[in-house]
Amino acid sequence: MSSANIWVNLSWAGREPEKPSILPDGRDWEEVLYGGGVAALPDDLWLELWNSGRCVDWLWGGLSECIVSQRFLQILVEQGVPGVEYRPLTIRRRRSADIEGYYLLLYLPAPGAGSVVRRYPSDGRTPGMLVDGAVAEAILAAQLAGVSMTPAEEEYGELEQRRREVECRLQAFGSPVGVLSGEANVLPSEAGAQTCKEGVSAGQADGVAYEACEVNEAEAPTGRTVRPVDGNRRPASDWDNRFILHASDLVGDANAMSVELSWPGKDPGRPHRLPDGQEIGEVLITKGIDALPTELWLDVVSYGEQTDWLWTTDCGPVVSRRFLDVLILEAVPGIEHRRLSVRWPSDATAQNVPSDATPQNALPDDESLDTAETTGNIEDYFLLRVHATGPDAPLRLFPRNDPHAYRLDVDAMLFEKIKNAGLTEISASTARGIWDELRSEAAWLDKLMGELMAE
């Protein structure tokens, strides 16, 4: 999916940009392709470029189409891969010669052990393939460009790792006080499973017991037994009237300003480690804001709109004074805050900083802005520490007491206050909605792991 390669999309006469998958006769081309095969598609089809880039042997189309070069197709033919359909397509260009030699590929062998090549996932509309060793060796020997291969065992391990992470997040819904039952600590995937209980780091934070579920990324799967998700499990009832909030930049708002915490002696190679070796998120959550370095500021990572909740990958939410004022006005318990200065990169000038982000004490155009610590039309920003975990707490981290949590869990009353305050670029989901998303992802991961286990 590298943007250095050309990207393409399937096109035809009369294609509507607002309905890119609907053929002129009203049918969805994917429905046609996967229902009737390549031959069922209209005759006059071609490929259009999304971008400029190099021609590789497997082109990214963005949907479920699989567009491969003649070299790639030749390998499948030579390996005797059954159930493969293909059709030549021309890449049309406006100001240059058209490009030939690419094929729309459809492979429909029955899923299961012994399939030389099949779709992965087997019931998904996806250009992904699961291939046997001989085909993989042939692809490697041909040195095809634009093709990424992952060993099935490695793929399985990555899925299992993600499955554990999802289960840990699901456990946050297990009880109103975050104390997990023994049953909740059993992972649906038993493949070498280390339960969250075994990965728990426990301690005290301001007299409040906390448990943070950790996953050991270095662990490899030790077995392959997958148990489906237990459909009878439900989140505790206290989640019915709670909401999960996060900064909008988390869902791809490229126009929002992003920042990162910084301090004297910060090591770019270990951006989360303080000079004494402690992890800054752990210090914040277990010891409090006062335990952080006295000199702490925000470095601007990307210019953009100054929202009421800035995106940072370090630790803890960074919120505006307007956001903080809502919490103070509502006397929200279990929070600490510290005002932070905003420092601009040394190459920032009045020309390349957006108009709504120019510091009040901006220097002339030919001088650096790196001495500008605060902004005029940016409201003050504050690092927020949330340490309340009780069942009736109006504001908690989500997941609770996770030093890397980037979301907030609020009750219905506080949610209404935040919503009515007119704060900018803050997204909200119901806690039940988050639960449903996690359960769906867990079931999907279990299915993929089951497919790989069957090979």
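Residues numbered from 1 in each chain as written. Predicted model: local features only at pLDDT ≥ 70, side-chain atom pairs only at ≥ 80, totals over all residues. Heavy atoms only, no water.

A word on the packing of aromatic side chains
Within the structure shown, the criterion is met by 10 aromatic pairs. Ring geometry for Phe173 versus Trp239: centroids 4.6 Å apart, planes at 55°, classification tilted. A residue pair is termed long-range when its members are at least 10 positions apart, and Phe173 in the loop between α4 (152-171) and β9 (200-205) and Trp239 in the loop between β10 (208-213) and β11 (242-247) qualify at 66 residues. An identical accessibility class is assigned to Phe173 and Trp239; each is buried. Counting every residue linked through ring pairs, the aromatic cluster contains Phe173, Trp239, Phe398 and Trp435. We note Arg92 situated over the ring of Trp46; from NZ or CZ to the ring centre the distance is 3.7 Å. Residue placement shows Arg396 over the ring face of Trp239; its charged tip is 5.1 Å from the ring centre. (Phe/Tyr/Trp six-rings, centres within 6.5 Å; stacked < 30°, edge-to-face > 60°. Helix = DSSP H or I, 4+ residues; strand = E, 2+ residues; numbered from the N terminus. Buried < 20%, exposed > 50% of the residue type's maximum accessible area, 1.4 Å probe, protein only. Lys NZ or Arg CZ within 6 Å of the ring centre and 35° of its normal.)

Some words on the packing of helix α2 (residues 70-78) against helix α3 (residues 133-142)
Where α2 contacts α3, the axes come no closer than 10 Å and their chain directions differ by 145°. Judged by the sense of rotation from one axis to the other, the crossing of α2 with α3 is right-handed. Facing Arg71, Phe72, Ile75 and Leu76 of α2, the residues of α3 in contact are Val135, Ala138, Ile139 and Ala142. When its residues are assigned to classes, the contact of α2 with α3 shows seven nonpolar, no polar and one charged. (Axes fitted to C-alpha atoms, helices over the stretch in contact; angles between N-to-C directions. Left-handed = near helix turned anticlockwise from the far one by under 90°. Contact = heavy atoms within 4.5 Å. Nonpolar A, V, L, I, M, F, W, Y, C, P; charged D, E, K, R; others polar.)

Looking at the confidence of the model for the chain
Averaged over every residue, the pLDDT of the chain is 76; residues scoring 70 or more account for 74%. Within the chain, no element has a lower average pLDDT than β10, which sits at 33, and none a higher one than helix α6 (residues 321-329), at 95. Below pLDDT 50 for its whole length, residues 349-377 participates in 57 contacts with residues either more than four positions away or in separate chains. (pLDDT = per-residue confidence, 0-100.)

Side note on the sheet that holds strand β15 (residues 318-320)
What the six strands build is an open sheet, ordered β12-β13-β16-β17-β15-β14; its pairing is mixed. Here the strands that pair on one side only, and so sit at the sheet edges, are β12 (258-262) and β14 (309-310). Bridge count for β12 against strand β13 (residues 297-302) is five bridges, and the pairing is antiparallel. Of the residues in β13, the one forming a bridge with Glu260 is Asp299. (Pairing = 2+ DSSP bridges.)

Focus: the packing of α4 against helix α8 (residues 431-454)
Helix-helix packing is described using two parameters, namely the angle between the two axes and the distance between the axes. One can describe the packing of α4 onto α8 by two numbers: an axis separation of 9 Å at closest approach and a directional angle of 155°. The angle between the axes of α4 and α8 places the two elements in the roughly antiparallel class. Both α4 and α8 take part in a crossing whose hand is left-handed. Across the interface between the two elements, Ala152, Glu155, Tyr156, Leu159, Glu160, Arg162, Arg163, Val166, Arg169 and Leu170 from α4 touch Trp435, Leu438, Arg439, Glu441, Ala442, Leu445, Asp446, Leu448, Met449, Leu452 and Met453 from α8. (Parallel < 35°, antiparallel > 145°, perpendicular 65-115°, else oblique.)

Digging into the side chain of Arg400
Here Arg400 shows up in the loop between β18 (395-398) and β19 (407-411). There is no salt bridge for the buried Arg400, and the closest opposite charge comes from Asp409, which lies 4.7 Å off by N-O distance. Within the structure, the side chain of Arg400 is placed 2.6 Å from the backbone oxygen of Ala172, a separation counted as a polar contact. (Lys, Arg positive; Asp, Glu negative; His and termini not counted. Salt bridge = Lys/Arg side-chain N within 4 Å of Asp/Glu carboxyl O. Polar contact = N/O pair within 3.5 Å; in protein donor to acceptor, adjacent residues only side chain to side chain.)

Considerations on helix α1 (residues 29-36)
Those residues of α1 lying buried are Trp29, Glu30, Val32, Leu33 and Tyr34. The N-cap residue of α1 is Asp28: its side-chain oxygen and the backbone nitrogen of Glu30 are 2.8 Å apart. Count one or two residues on from α1 and you reach Gly37, which has phi positive near 90°.

Considering the pattern of salt bridges
Enumeration according to the criterion identifies 19 salt bridges in this entry. With a closest N to O distance of 2.6 Å, Arg432 and Asp240 form a salt bridge. In this pair, Arg432 is assigned in helix α8 and Asp240 in the loop between β10 and β11, connecting sequence segments 192 residues apart. With a relative accessible area of 27%, Arg432 lands in the partly exposed category. A residue is classified by how much of its surface remains accessible, and Asp240, at 42% relative accessible area, is partly exposed. What you see here is one network of salt bridges that share partners, running through Arg162, Glu165 and Glu441.

Structural notes on the environment of His337
One can find His337 in strand β16 (residues 335-343). When its relative accessible area of 38% is taken as the criterion, His337 is described as partly exposed. A sequence separation of 13 residues divides His337 from Leu324, and the C-alpha atoms of the two residues are 8.5 Å apart. Not counting residues within four places of it along the chain, the set of residues in contact with His337 comprises Ile289, Leu324, Ile328, Phe382, Leu383 and Leu384.

Considering the pairing of strand β17 (residues 381-386)
With six of six residues buried, β17 lies mostly within the body of the structure. Of the two faces of β17, the one lined by Tyr381, Leu383 and Arg385 and the one lined by Phe382, Leu384 and Val386 are each fully buried. Strand direction decides the pairing type here: β15 and β17, joined by three bridges, are antiparallel. Of the residues in β17, the one forming a bridge with Val319 is Phe382.

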